[in-house]
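Summary of structural features
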Amino acid sequence: MHGRVAVIMSVYNKDSLAFLKTAIGSILEQTYKEFDIFIYFDGVKRCDLWEFINVINSKHDNIFFYYESENKGLAYALNYLLEKVKLVGGYQYIARMDADDISDCNRLLEQILYFEEHSDIFILGSNCIEINQVGENIFYKKMPEFNNEINSFIFKRSPLVHPAVMFRYEMVEHICYNPLLKQSQDYFLWVDLLAKGYKIGNVQKYKI
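Residues numbered from 1 in each chain as written. Predicted model: local features only at pLDDT ≥ 70, side-chain atom pairs only at ≥ 80, totals over all residues. Heavy atoms only, no water.

1. Considerations on the overall build of the chain
Secondary structure assignment for the chain yields 6 helices and 8 strands. Scanning the chain from its N terminus toward the C terminus, one meets helices and strands in the order β-α-β-α-β-α-β-α-β-β-α-β-α-β. Taken against the 2.2 N^0.38 rule, which gives 17 Å for 208 residues, the C-alpha radius of gyration of the chain at 16 Å falls within 12% of a compact globule. Overall size of the chain, expressed as C-alpha extent along the three principal axes, is 45 × 40 × 35 Å. Split into buried and exposed, the 208 residues of the chain put 51% on the buried side. Looking at the chain alone, contacts between residues at least 24 apart form 78% of all its contacts between residues at least 6 apart. Summed over its atoms, the accessible surface of the chain is roughly 10200 Å², and 53% of this surface lies on carbon and sulfur atoms. (Helix = DSSP H or I, 4+ residues; strand = E, 2+ residues; numbered from the N terminus. Rg over C-alpha atoms; globule rule 2.2 N^0.38 Å. Buried < 20%, exposed > 50% of the residue type's maximum accessible area, 1.4 Å probe, protein only. Contact = heavy atoms within 4.5 Å. Areas by Shrake-Rupley, 256 points an atom, 1.4 Å probe, with all protein chains shown as cover.)

2. Concerning the pattern of salt bridges
Here the structure, examined in full by the defined rule, presents 11 salt bridges. Taking the shortest distance from any N to any O, the salt bridge between Arg-46 and Asp-48 comes out at 2.9 Å. Accessibility expressed as a relative area gives 28% for Asp-48, which makes it partly exposed. The closest approach of N and O atoms between Lys-72 and Glu-68, which form a salt bridge, is 3.0 Å. Take Lys-72: its relative accessible area is 30%, and that puts it in the partly exposed class. When salt bridges with common partners are traced through the structure, they connect Arg-4, Glu-34 and Asp-36 into a single cluster. (Salt bridge = Lys/Arg side-chain N within 4 Å of Asp/Glu carboxyl O.)

3. Considerations on the packing of helix α1 (residues 17–28) against helix α2 (residues 47–59)
Remark: α1 packs on α2, axes separated minimally by 10 Å, with the N-to-C direction vectors making an angle of 20°. Judged by the inter-axis angle, α1 sits roughly parallel to α2. The handedness of the crossing between α1 and α2 is right-handed. Listed contacts from α2 to Leu-17, Leu-20, Lys-21 and Ile-24 of α1 are Asp-48, Leu-49, Phe-52, Ile-53 and Ile-56. Among the residues making up the contact of α1 with α2, the classes are represented as 7 nonpolar, no polar and 2 charged. (Axes fitted to C-alpha atoms, helices over the stretch in contact; angles between N-to-C directions. Parallel < 35°, antiparallel > 145°, perpendicular 65-115°, else oblique. Left-handed = near helix turned anticlockwise from the far one by under 90°. Nonpolar A, V, L, I, M, F, W, Y, C, P; charged D, E, K, R; others polar.)

4. Comments concerning the pairing of strand β3 (residues 63–68)
Sheet analysis places strand β2 (residues 35–42) next to β3, joined by 6 bridges and oriented parallel. By the bridge assignment, Asp-42 is partnered in β3 with Glu-68. Note on the crossover from β2 through α2 to β3: the handedness is right-handed. (Pairing = 2+ DSSP bridges. Right-handed = clockwise from strand over helix to strand, strands pointing away.)

5. Digging into helix α3 (residues 74–88)
In this model α3 runs 21 Å from its N-terminal to its C-terminal C-alpha over 15 residues, within 8% of the 21 Å that 1.5 Å per residue would give. Among the residues making up α3, those that are buried are Ala-75, Ala-77, Leu-78, Asn-79, Tyr-80, Leu-81, Leu-82 and Val-85. The inward-facing, buried residues of α3 abut β1 (5–12), β2, β3, β4 (93–96) and α6 (185–195). Of the residues one or two after α3, Gly-89 is the one with positive phi, at around 70°. (Expected span 1.5 Å × (residues − 1).)

6. Looking at α6
Those residues of α6 not exposed but buried are Gln-185, Asp-186, Leu-189, Trp-190, Leu-193 and Leu-194. Down the axis of α6, the buried side of the element spans an arc of 160°, and every buried residue falls inside it. Count one or two residues on from α6 and you reach Gly-197, which has phi positive near 95°. (Arc of directions from axis to C-beta.)

7. Some remarks on the packing of aromatic side chains
Across all of its chains, the model carries 16 aromatic pairs by this definition. For the pair Phe-38 and Phe-64, a centre-to-centre distance of 4.8 Å together with 10° between the ring planes defines the contact as stacked. Taken as a pair, Phe-38 in strand β2 and Phe-64 in strand β3 lie far apart in primary sequence, 26 residues in all. The exposure class assigned to Phe-38 is buried, which follows from its relative accessible area of 0%. (Phe/Tyr/Trp six-rings, centres within 6.5 Å; stacked < 30°, edge-to-face > 60°.)

8. Focus on the environment of Leu-181
With respect to the element layout, Leu-181 can be found in the loop between β7 (166–168) and α6. C-alpha separation for the pair Leu-181 and Pro-144, spaced 37 residues apart in sequence, amounts to 25 Å. Once residues within four sequence positions are removed from consideration, Leu-181 is found in contact with Ala-75 and Phe-188.

9. Details of the side chain of Ser-103
You can see Ser-103 is positioned in the loop between β4 and α4 (107–117). Here Arg-107 takes part through its side chain, which lies 3.2 Å from a polar atom of the side chain of Ser-103. (Polar contact = N/O pair within 3.5 Å; in protein donor to acceptor, adjacent residues only side chain to side chain.)

The structure is reproduced here in structure tokens:
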């Protein structure tokens, strides 16, 4: 069964080149190979980031690259990428990724397998390990697994680790981040999707 995954990532001017290399590398090294990466440069001016993206974009035909000269924020960037994903088409899943995170090599595969075993789930996250600037583990964040737990948890804080999220593609028309929000764009999206009846889950493994 399975299906192709579109991974969306926004990069802005203050992102670390070293972290960006590690983040993209962790996706390119996934054991599940049916994916494309959609990268958006949100007002990036730095030569080192541009040099890196030009190199990897020329080496990998599964990387789609977009940019705008003005920084417009994460919500705008993600909505822009979602529109590009729809234009390319042919995907069954959409995965989030940030420019300073690391995905376990089995992340995409294990999330897809969870979706296949839980047909009622439309948005899926995972636990995560928070690391410091030198890559040392500092905190293990365990997220609620089941939708009924998430419905209660969301009144306290976000029930999903945003860069660990994967969506079923069939709900793409209902994924819209509020560009007026500079923070917590993801939290308000989860509230909206739960209100529309979409169920959320979390893989009980540390994928990020």
